[in-house]
Structures are given as structure tokens and as C-alpha cells.
Amino acid sequence: MTTPLALVAELTHRCPLHCVYCSNPLELTKRTTELSTETWSRIFREAAQLGVLQADFTGGEPLARPDIIELVRAARQAGLYVSLITSGLPLDEAKLAALVDAGLDHFQLSFQGAREETAQEISGTQTHRQKLRVLEWLKKHRLGVTLNFVIHRQNIHELEEMLSIVEEHKPGTVEFASVQYYGYALANRSSLLPTREQLDFCVSTLRKAEERLKSKTRIVFVVPDYYAKYPKPCVGGWGRKLMLISPDGTALPCHAAAILPEIQFENVMNKSLREIWKSSPSFNKFRGDDWMQEPCKTCDRHEIDFGGCHCQAFLLTGDATATDPVCSLAPTRPKVDAILATINNAQQFAPTRIEWVYRPNPT
Amino acid sequence: MKPELNAKPRLAAGVRLNEKTQDQRMLLMPERALRLNGPSLEIVQLCDGNHTIQQIAEKLHILYSKAEPRRITDDLLGYLALLHDQRAIDFV
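Conventions adopted
Throughout this document, residue positions are counted from 1 along each chain, in the order its sequence is written. Chains and ligands are labelled by the order in which they are written, letters from A for the one and numbers from 1 for the other. Owing to the predicted nature of the model, reporting of local features is limited to residues with pLDDT of at least 70; listing and counting of side-chain atom pairs is limited to 80 or more, with chain, interface and lining totals taken over all residues. Hydrogens and water are ignored here; the side-chain numbers use all heavy atoms of the structure. Note on pairing: two strands pair once DSSP finds at least 2 bridges between them. Helix and strand definitions here come from DSSP, where helices need a minimum of 4 consecutive H or I residues and strands a minimum of 2 consecutive E residues; each element is numbered from the N-terminal end. Definition used in this section: a nonpolar core is a set of buried Ala, Val, Leu, Ile, Met, Phe, Trp, Tyr and Cys residues joined via side-chain atoms within 4.5 Å. Whether a residue is buried, partly exposed or exposed follows from its accessible area with a 1.4 Å probe, protein chains only, as a fraction of its type maximum: under 20%, in between, or over 50%, in that order. The contact definition used throughout considers only heavy atoms, calling two residues in contact when any of these lie within 4.5 Å. When two components associate, each loses some accessible surface as probed by a 1.4 Å sphere; the sum of these losses over both components is called the buried area. What counts as a salt bridge is simple: a side-chain nitrogen of Lys or Arg found within 4 Å of a carboxyl oxygen of Asp or Glu. Polar contacts, as counted here, are pairs of nitrogen or oxygen atoms within 3.5 Å of one another; within protein the pair requires one atom able to donate a hydrogen and one able to accept it, and residues that are adjacent in sequence qualify only if both atoms are side-chain atoms. Residue classes follow a fixed rule: Ala, Val, Leu, Ile, Met, Phe, Trp, Tyr, Cys and Pro count as nonpolar, while Asp, Glu, Lys and Arg count as charged, and any other residue, Gly among them, counts as polar.

> Would you take a moment to explain the sheet that holds strand 3 (residues 26-29) of chain B for this structure?
Two strands in a sheet stick together by hydrogen bonds in their backbones, pointing the same way (parallel) or opposite ways (antiparallel). Residues and elements named next belong to chain B. Taken in spatial order, the 3 strands line up as 2-3-4 in an open sheet, and their pairing is antiparallel. The sheet is open, and its two borders are formed by strand 2 (16-17) and strand 4 (32-35), each paired with just one other strand. Where strand 3 lies against strand 4, 4 bridges are found, and the strand directions are antiparallel. Bridged to L27 within strand 4 is L34.

> Help me out: how do you make sense of the nonpolar core in this one?
Here is a general trend for soluble globular proteins: nonpolar side chains tend to be buried in one another's company. Ranked by internal contacts, the top residues of the largest apolar core, which has 63 residues, are F44, F57, F107, L147, F149, F176 and I245 of chain A. What F176 of chain A contacts, discounting residues up to four positions off in sequence, is F149, I151, L159, M162, L163, L206, I219, V220, F221 and V222 of chain A. Core analysis: the next-biggest nonpolar cluster, separate from the first, contains 25 residues, L17, L27, I43 and A88 of chain B among them.

> Where do I start with the interface of chain A and chain B in this structure?
The extent of an interface is frequently quoted as the accessible surface area lost upon association of the parts. Between chain A and chain B, the residue contacts involve 22 residues of the former and 18 residues of the latter. Interface of chain A and chain B: buried area, both sides summed, is about 1,700 Å²; carbon and sulfur atoms make up 47% of it. Its largest share of buried area at the contact with chain B, chain A owes to Y81, R142 and R218 of chain A, together 36% of the area lost on that side. Applying the counting rule to chain A against chain B returns 2 salt bridges. Taken together, the links from chain A to chain B amount to 7 residue pairs in polar contact (both at pLDDT 80 or more). Elements with a contribution of two residues or more to the side of chain A that touches chain B: strand 4 (106-111) and strand 5 (144-151) of chain A. In the side of chain A that touches chain B, the residues fall into 6 nonpolar, 9 polar and 7 charged.

In C-alpha cells, the structure reads:
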């Protein structure tokens, strides 16, 4: 059995943004059931002992935790490489300096677009100017920086402007992450799924940018998998690379797994990380290939993609053990093709107001 | 692109070694980690922005006196080029 590379610490589901593609579950964890500073610190120590190398602090907005500085210090003291995945909203210069001082290794700043009005539409909040301020503050520290642009049909046309921000600030990494369709994103899919033309534009623009930015900024492009030939390996394989702890301590193999029925997920309040990783029925559920159906079971690629994403299989087919329907070999691929057809065959998008389902805030 | 012998490599922003107390030494960076063994660990520890590549090569020539110095320098340049491509190091 492998040991996990990363612990994703979903510190809270509270967030000042209301992004229409948020990957949080539709049922958000309440503030009153969030784990304490002490419990998180224990989790970081247990993770390091298990062989975990990295802690990715996310949420919600991790900066919404009043103890964020202590949490960074605790994870770093446990021996983990600490990343903060943030909107940059509840932040000022002094707090950034305190985070760096506590041992923060890597700052990942999310962007909703390249313009204030786009960011406002997508996140339901004024965000863009603050992010540009954060970029200036980051220059004063020697810190790993990743910019993360979540891209979709409503903002791909701003790609060149996004690249201008990248070229001006030269972060170590930039991610152009296509929206993946779970949670709120699934509810808003018909307004978010890009057209094939947009995807082609994206690929050719990023290829040119890669040449220009070579050895300055690493470009990571997360493809919109509905257009892929083969599925993505579910977080590097279910129970292989990653463990996610939700705000109330539920241990999950990926962000979306809680939607899968008939799986009892363990809670870190009752069991150690090692026990959960090594012997829980939930983490063992899709390890190996005994659970696989055809065409995966006899497919050459099943050691590469492990059958794809179980949550996507469940959401689109009702069966989590089915081949991910984005796979061109899946018997259910026609469902995905039908969804793409509705997007690509539409004559033109009427410039009407989009009825977004915004992510609410937990109480 | 092969780096120049008088360049001084250093770990890029956001890149660091894990703690000495952990059994497997690793180079940690955003979303990735590189396993370090033998010479790769010795090289990375000298990527501090103070040593030139030439100086690092000379240290390795002493450490690995049985190997041909020319070969060691070539391997060093190759490894540094790889680290640079991965944005694990930059040059001062």
C-alpha cells in the first residue's frame, strides 16, 4: 500500500465568496462542528508519522479560521510542507507576514477572472482588486506562489488578460483549472461548460504561453474532462495519494466522495489517520481492481486511470463502480456526448441574464 | 539549456528540503516532491546561492574521487538543468 503524499485540510466551509463552481458539498459543515486547533494539530502530527509530506490548507476560505497562524505553525512543526489555498480576501500585509513567519511554504491564490465584473458575477463578491493587492504584498516574501484561474465558458475569452497578470507577476506556477462538474458546478453546468471552439483556443493559447514562460512559470492546464478521450485518475487513484479531512473531521479520499451512497466514512475523532488510511472499508473500497466492471477490468489503462472518477460515474450513471462516463470506451459515453452536443450545437447564446446557483455560507 | 559553470544555483522560492529527522530526504515544492539519494542530496544541499557550479563540481570530485571528474561535471550540469526545468532551482 502506498502512503499518501498530501493531506488536504478543509479547515472550514465558511467563505466570503459564493463561487458558482465551488467544489464544496451542497451540504456545508456548520461552524459549530468545526474541529479545534488541538485536533488539527494532532492530525498534522499523525499525518507526518504516516509519511504524508504536504498539508494543503483549503476550505471554504482557510483564512476565515481565527487560528490560521497557529495551524500553519503546527503543520510546519509536524514536518509538513504547508500550502495555503485561498481567495486572499480576509488578508492584509501584516497577516501575510505572520503566516510566512509561522512557516508557510506556498501560497496559492485563486482568481475568478481577469476583470472585476467577471469575478463579481462568478463569486457574487467584489474580489479582483484585493487579489491584485495580495500579488503586490507577495513580492516582499520569498514564498512559493501559484496563481489558480478557474476557467469555464464565461471567462475563457479573458485568457490573454489572465496571462498578462501571470507575465507581470511571474509566479512559480499558474494553473488554468477547467471547472469539474460536482456540487455547485454541476448545478450550473449548462452555463459553465466551454464550447469545443473555446477549448481549442485555450489549448493553442496556452501552448504558445508555455514557450514564452519557459523556466519562469510552470503552466498546469486541467482539461475539461467531458472533452477528454480517457478519464482522469481519481485524485491519483482512490486511497493512493491523498487524504482529505473535512471541517468536521470526516476523512475522505477526495473532495466529492461524501456524495457516494452506502459508504460509511470514518471520522478522525474516533480513529487515527493510520487506521483510516490502512484499514477502513471506505479507503479500501476502490483500491485494487476487484470492484471493477468491464470495460475497465480488462483494459490496459486501468493501472493508469483506475477507472476514472467514481463520483462522476455516480453523478452521471447512478453507479459509482461504473466506468467514468467521460471515457471514450465507457458504455455510458453517449450521455456525455449528449451534454456536449447541447452546448456545441446551440446557434448562439442569447445575452440573457444567467440564473446562477450561488454557493451559500454555512451558519 | 546547460547552465554556466560560474552560475550560483539556489533553491527556487517555495522549494525546500524536508527535515533531517525524516528517514527519506526529499525536496519539497508546490504539489510535488523529489526523492534525494546520495549525490543528488549532496548537490541540492550546495544549491544555496553561495557556491558556483564549478565549486560544487570540485566538491563532488573530492567526494567521488574514483569517478572521472569530467563525467561528474557533466552529470552535475545535467542534473541542475533538470532541476531548473522543474523550477526547483534558479541561478543568482
